[in-house]
Amino acid sequence: MRNPETRRELRRAAVWLGLAATMALVVILIQPILIILAGLVFASMLDGGVRLLGRILPIPRGWRLLIVVVLTILFIGTTVYQTGAGIVVQFKQLQATLEIQADKLSEWAAMQGILPGADDLKGLAQQALGSVGKLTSWIGTALGAITTLFMIMVIGLFVAMEPRIYDRGLQWMVPSDYRAEFALTLGRMATQLRRLLAGRLAGMAFEGVVMWIALSIAGIPMALVLGIITGMLAFIPNIGAFVSGVLMISVGFSAGMDKGLWAIVIYFVIQTFDGWVVIPLVARRTVDLPPALTLSMQILASTLFGVLGLALADPLTAMIKVALERNSERTAEEDAEAAAAGMGML
């Protein structure tokens, strides 16, 4: 051990072992890590509301955060109180309608020879559900999902109350020579995340309200529930729009051929308007992520981390994009400084 070469090799081995242990811990603790990231995303949403309110009310940050939280709770509570019973009934109707439509589609596909018979389908479904159950056992029951959501909200609320404390804590974990650069990159990430979430919330509100009104005018059943689901799924671009479209068209055809055709027309008109008008306008003031990159990250995140990974794919992509852009800027600055130093020596 007194040999300098031996100590040097031990330090190298310790670095590699530490890296391997860190990777193993990330794999084991991926679900808690995703919950913490979701809490940070929720904190960014609250922080964006606090900053927006600060432009109108020049009061301390704590009071502005309290106003944002109270207004959010009042809005959710009022909505649930006014439409709670109707939403529950419509959700039950939606579940029954989707089951009936799925059975009809399976029977038609089996008659055409596209899919196996009903007995074979039941066997395949049982096997698939057994496999999926093992992979998604961390969700457990509805109680587990509610507990996860509660933890996300609590983490987000605590971080939004004193963001600078956690900002400084992260900087202390970085070597002192890199803290200034890390603080700059972290600040840009936070700004980008706030803009992204503001755009997502605006898009969710637009799609949900417009879809609800259009479906109600067309006389399609469960318009309120479909509007709420469309607004919630709008948080996940590409995949969310596809899922909401499938639900809407299924419900439309359950009420008749004319309603199904109206559902198709409404879906494509609103999605086209949203894609060509709303999203570009929002992207100019928020974050414009390439669609192919977004979809690729969603596929990877959902495959690796499940539903929570799918929901966090866009925020993670935006933050990675900021880090890569800052790294490119820093490299260009260093090259310019080196070129200037070389010219000075000449």
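The rules behind these values
- For every chain, the first residue of the written sequence is number 1, and numbering continues from 1 along that sequence.
- Confidence filtering applies because this is a predicted model: local features only for residues at pLDDT of at least 70, side-chain atom pairs given and counted only at 80 or more, and all residues used for totals across whole chains, interfaces and linings.
- Excluded from the side-chain calculations are hydrogens and water; all other atoms, namely the structure's heavy atoms, are used.
- Numbering of helices and strands runs from the N terminus; a helix is a DSSP stretch of H or I covering at least four residues, while a strand is a stretch of E covering at least two.
- Residue contacts are defined here by distance: any two heavy atoms, one from each residue, within 4.5 Å place the two residues in contact.
- In this description, accessible areas are obtained by the Shrake-Rupley approach with a 1.4 Å probe, and a residue is regarded as covered only by the protein chains that are shown.
- Per-residue accessibility, obtained with a 1.4 Å probe over protein chains only, is compared with the maximum for each type, and a residue is labelled buried under 20%, exposed over 50%, and partly exposed between these values.
- Between N-to-C directions, angles cover 0 to 180 degrees, with each direction set by a line fitted to C-alpha atoms, over the stretch in contact for helices.
- Each angle gets one of four labels, with under 35 degrees taken as roughly parallel, over 145 as roughly antiparallel, 65 to 115 as roughly perpendicular, and the rest as oblique.
- Crossings are assigned a handedness: left-handed for a near helix turned anticlockwise from the far helix by less than a right angle, right-handed for a clockwise turn.
- All amino acids are sorted into three groups, where Ala, Val, Leu, Ile, Met, Phe, Trp, Tyr, Cys and Pro are nonpolar, Asp, Glu, Lys and Arg are charged, and the leftover types, Gly among them, are polar.
- Patches were defined on residues exceeding 30% relative accessible area and lacking a salt bridge, with like-charge contacts within 9 Å and nonpolar side-chain contacts (Val, Leu, Ile, Met, Phe, Trp, Tyr) within 5 Å.
- When a carboxyl oxygen of Asp or Glu is within 4 Å of a side-chain nitrogen of Lys or Arg, the pair counts as a salt bridge.
- Throughout, nonpolar core names a set of buried Ala, Val, Leu, Ile, Met, Phe, Trp, Tyr and Cys residues whose side chains join them through atoms within 4.5 Å.
- The predictor reports its confidence for every residue as pLDDT, a score running from 0 up to 100.
- Think of it this way: a Phe, Tyr or Trp ring, Trp meaning its six-membered ring, pairs with another when their centres are within 6.5 Å, and the plane angle makes it stacked under 30 degrees, edge-to-face over 60, tilted otherwise.

Where do I start with the overall build of the protein chain in this structure?
Counting its regular elements, the protein chain contains 12 helices and 0 strands. If you list the helices and strands of the protein chain from N to C, you get α-α-α-α-α-α-α-α-α-α-α-α. Within the protein chain, contacts between residues separated by at least 24 positions form 68% of all contacts whose residues are at least 6 apart in sequence. In the structure as shown, the protein chain presents an accessible area of about 22,600 Å², 71% of it carried by carbon and sulfur atoms.

Please explain the side chain of Ser 44 as it appears in this structure.
On the secondary structure map, Ser 44 appears in helix H2 (residues 30–54). Apart from the residues lying within four places of it in its own chain, the contact partners of Ser 44 are Leu 193, Arg 194 and Leu 197.

So what exactly am I meant to see when it comes to unusual backbone geometry here?
Where the residue is not glycine, phi is negative for most of them; where a peptide bond is considered, it is trans in most cases. A positive phi angle, near 60 degrees, is found at Met 222, a position not held by glycine. For Met 222, the position within the fold is in the loop between helix H7 (179–218) and helix H8 (223–233). The class of Met 222 is buried, set by a relative accessible area of 8%.

Whenever I open this one, the packing of H7 against H8 confuses me. Can you help?
Geometrically, a packed helix pair is captured by the angle between its two axes and the distance between the axes. Across the interface, H7 lies against H8 with an axial gap of 7 Å and an inter-helix angle of 160 degrees. Of the possible angle classes, the one that applies to H7 and H8 is roughly antiparallel. Considering how the two elements wind past one another, H7 and H8 form a crossing that is right-handed. Between H7, through Met 204, Glu 207, Gly 208, Met 211, Trp 212, Leu 215 and Ser 216, and H8, the contact on the second element is made entirely by Ala 223, Leu 224, Leu 226, Gly 227, Thr 230, Gly 231 and Met 232. Of the residues that constitute the contact of H7 with H8, the class distribution is 8 nonpolar, 5 polar and 1 charged.

Would you explain a nonpolar patch on the surface in this entry?
A cluster of nonpolar side chains, contributed by Ile 56, Leu 57, Ile 59, Trp 63, Leu 66, Val 70, Leu 71 and Leu 74, occupies part of the molecular surface with about 770 Å² of accessible area. Looking at where Leu 57 falls in the secondary structure, it is placed in the loop between H2 and helix H3 (61–111).

Could you clarify how one ought to interpret H8 in this entry?
Because an α-helix completes one turn every 3.6 residues, residues spaced three or four positions apart along the sequence face the same direction. Most of H8 is tucked away, with 8 of its 11 residues classed as buried. Looking only at H8, the buried set comprises Ala 223, Leu 224, Val 225, Leu 226, Gly 227, Ile 229, Thr 230 and Gly 231.

Honestly, the nonpolar core in this entry has me stumped. Any pointers?
Looking at soluble globular proteins, one finds that nonpolar side chains tend to be buried together. By size, the foremost hydrophobic cluster in this structure holds 17 residues, and its most contacted members are Met 211, Leu 215, Ile 220, Leu 226, Met 248, Val 251 and Ile 266. In this structure Met 211 touches Thr 230, Met 248, Ile 266, Ile 270 and Gln 271, once residues within four positions along its chain are discounted. Counting residues in hydrophobic clusters, the runner-up holds 15 residues, among them Ala 38, Ile 152, Met 204 and Ala 234.

Before we go on, may I ask you to explain the confidence of the model for the protein chain in this structure?
Detail in the predicted coordinates should be disregarded across regions flagged by low pLDDT. Considering every residue of the protein chain, the mean pLDDT works out to 79; 81% of them sit at 70 or more. Contacts from residues 124–140, a stretch scored under 50 in pLDDT, to residues over four places away or in other chains number 5 contacts.

For this particular structure, what's the right way to read the environment of Thr 97?
When you line up the elements, Thr 97 lands in helix H3. Assessed through its relative accessible area of 14%, Thr 97 is described here as buried. Placed 155 residues apart in sequence, Thr 97 and Gly 252 show a C-alpha to C-alpha distance of 9.9 Å. For Thr 97, the residues in contact, after removing those within four places along its chain, are Met 222, Val 251 and Ser 254.

Got a minute to help me understand the pattern of salt bridges in this structure?
Pairing is possible between side chains of opposite charge, provided their charged atoms come close. Evaluation of the coordinates by the stated rule reveals 11 salt bridges. For Glu 329, the salt bridge identified is with Arg 188, shortest N-O distance 2.8 Å. With Glu 329 in helix H12 (residues 313–345) and Arg 188 in helix H7, the pair connects residues that are 141 residues apart, well separated along the chain. Among the residues examined, Arg 188 registers a relative accessible area of 35% and is labelled partly exposed. In this structure, the salt-bridge partner of Arg 326 is Glu 333, at a minimum N-O distance of 3.6 Å. Assessed through its relative accessible area of 6%, Arg 326 is described here as buried. The network of salt bridges with common partners includes Glu 181, Arg 188, Arg 326, Glu 329, Arg 330 and Glu 333.

Sorry if this is basic, but what is going on with the side chain of Gln 192 here?
With respect to the helices and strands, the residue Gln 192 is situated in helix H7. Among the residues examined, Gln 192 registers a relative accessible area of 15% and is labelled buried. Excluding residues within four positions of it along the chain, Gln 192 makes contact with Val 287, Ala 318 and Val 322.

When you look at the packing of aromatic side chains in this model, what are you seeing that I'm missing?
The relation between two aromatic rings is expressed through the spacing of the ring centres and the mutual angle of the planes. For the structure on display, the rule yields 2 aromatic pairs. A centroid spacing of 5.8 Å and a plane angle of 35 degrees characterise the contact between Phe 206 and Phe 273, whose relative ring orientation is tilted. Here the residue Phe 206 occupies a position in helix H7, and Phe 273 occupies one in helix H10 (residues 257–285), the gap between them amounting to 67 residues.

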